[in-house]
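What the coordinates show
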Amino acid sequence: MFENKNAKLVEYQESYELSYCSIGEEGCAALISALRSNPSHLKELDLSRNKPGDSGVKLLSALLEDPHCKLEKLQLWDCSIGEEGCAALISALRSNSSHLRELDLSCNKPGDTGVKLLSALVEDPHCKLKKLWLCNCNIGEEGCAALISALSSNSSHLRELDLSLNKPGDSRVKLRSALLEVSHRGEPTEVNPGLFLDSPTDSPVVNPAFPTLREINIDSIQAPEPRTRDEFLQYACDLTLDPNTAHRRLVLSDEDTAATLQQTSQPYPDVPQRFDGWTQVLCLQPLSSDRCYWEVEWRGRGSSLGVVSGSMSRKGADSGAGLGYNGQSWSLELSDMCCAAMHANQKVEIPVTYSPRVGVFLDRTAGTLTFYSVDDELVPLHTFQGLFPPSLYAAFGVGCGVGVGLDFAMGQFSSASDSIKICPL
């Protein structure tokens, strides 16, 4: 398609904006084959939010190492690139690095290994890179140290650096101190240590010691919406059930990560936090992060899961204490027969097959709570939109909701038939 129909276009066009085009390895191969016929005109290439993967990037690397290629801007944001693809890409760029000015590898998985290779590129005296985006690239302390070491040795070109949503850990402080020391020795460096501060300045003030690099307030950068399970897992939170909230007919197990419905009541103490009508339980830890993800497995005739305000009533069997039956809770009710989303006693039926494992993603910045069926891939079931209260907890109803409450009241169930478990991630 690219070689024949668009041959003239390929010959003269300098910029290709091909983001969100569902380009996989095969499409990438066709595109690169066409571009290789005359690479000298190509200045900008944007393949963001496609799926070329490591294999496709290896094909792209063959184009980049062509001495006739004069690419200045390359955007590969969220292209499913791992360490292998990153290695091929950096190898090609090192062999022909004098033209590239902007590189965006955000939301890929080069990790520390890939960033070490990238550091070798940045350190190359022929490298003229001015803008480097590595947001959400699974970079740890080791990778950050390698990158900053390279930047310190070749700092005359880089003007923008985005390392937000990585995990530099203690190296935030160590790197800042090291860079300041380099500056005090009189050796020029353009890495702004504000990029590594937990609380960057409110305004992009230029630091006299680092006069040329523009400071980016990383608090203002919103991460892209996760699409794959691996991307959701970076927001995984550790949750355990709160024994003081568990209904007396719920037995907690597996270090308070599982709850099973029993016919007989347990001798739990009478505390204000405990549910005494609905067979429900809350998590001990509040959902305090802007983005939280967890997965739950359920068994039996039916259960419900969702989030509740910390101020929701725990007493009585009316709607005020039922998960999804009031304005302070949002839930998904599940059984082997049906599925429904509940909020403020409003039910939305969801046509879905049996889903024994469910993922829940809370995104406060976007004002959304989304439930997913978890299998080989995540399938969205329902999304609530709105403002969520600051005090918010994951909540579970075992053997309640979706029409099984009457069976329970009549004792028509077998022991240990209904249960939920928070999955380790």
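Going by the structure above, here's the rest.
A brief report on the enclosed structure follows.

Conventions we followed
Counting starts from 1 at the beginning of each chain's written sequence and moves along it residue by residue. A pLDDT threshold of at least 70 governs which residues receive local features in this predicted model, and a stricter bar of 80 or more applies before side-chain atom pairs are shown or counted, although totals over entire chains, interfaces and linings include all residues. Note that the side-chain values use all heavy atoms of the structure and ignore hydrogens as well as water. Only runs of H or I of at least four residues qualify as helices and only runs of E of at least two qualify as strands under DSSP, and these elements are numbered from the N terminus. Multiplying 1.5 Å by the helix residue count minus one yields the expected span of that helix. For each residue, the accessible area found with a 1.4 Å probe, counting protein chains only, is set against the maximum for its type, and the residue is called buried under 20%, exposed over 50%, and partly exposed in between. Directions drawn from the helix axis to the C-beta atoms are what define this arc. Contact between two residues is taken to exist if any of their heavy atoms lie within 4.5 Å; hydrogens are not considered. What we call a nonpolar core is a set of buried Ala, Val, Leu, Ile, Met, Phe, Trp, Tyr and Cys residues that are connected through their side-chain atoms within 4.5 Å. Whether two aromatic rings pair depends on their centres lying within 6.5 Å, for rings of Phe, Tyr and Trp, where Trp uses its six-membered ring; planes under 30 degrees apart make the pair stacked, over 60 edge-to-face, and the rest tilted.

1. Digging into helix α3 (residues 53–64)
Between its first and last C-alpha atoms α3 spans 16 Å; for twelve residues at 1.5 Å apiece the expected length is 16 Å, and the two agree. Gly-53, Gly-56, Val-57, Leu-60, Ser-61, Leu-63 and Leu-64 are the residues of α3 that are buried. Considered in projection along α3, the buried side chains sweep an arc of 155° and stay on one side of the axis. Turning to α3, the residues buried within the fold contact α2 (25–35), β2 (44–46), β3 (73–75) and α4 (83–95).

2. A short note on the environment of Ser-149
Considering the arrangement of structural elements, one finds Ser-149 in helix α6 (residues 141–153). Take Ser-149: its relative accessible area is 47%, and that puts it in the partly exposed class.

3. With respect to the nonpolar core
Ranked by internal contacts, the top residues of the largest apolar core, which has 43 residues, are Leu-64, Leu-74, Leu-76, Leu-103, Leu-132 and Leu-134. Those elements that place two or more of their residues in this core are α2, α3, α4, α5 (111–123) and α6. When residues in this core are grouped by element, the largest group, five residues, is from α4. Residues contacting Leu-103, with those up to four places away along its chain left out, are Leu-74, Leu-93, Leu-118, Leu-129, Lys-131, Leu-132 and Trp-133. Membership of the second largest hydrophobic core comes to 36 residues, among which are Leu-287, Trp-294, Val-307 and Leu-392.

4. What to know about the packing of aromatic side chains
Summed over all chains, the structure comprises seven aromatic pairs. Aromatic side chains Trp-278 and Tyr-325 sit 5.2 Å apart centroid to centroid with 35° between the ring planes, which places their arrangement in the tilted category. One end of the pair, Trp-278, is in the loop between β8 (258–261) and β9 (280–282); the other, Tyr-325, is in the loop between β11 (302–309) and β12 (329–335), with 47 residues separating them in the sequence. Tyr-325 carries the same exposure label as Trp-278, and that label is buried.

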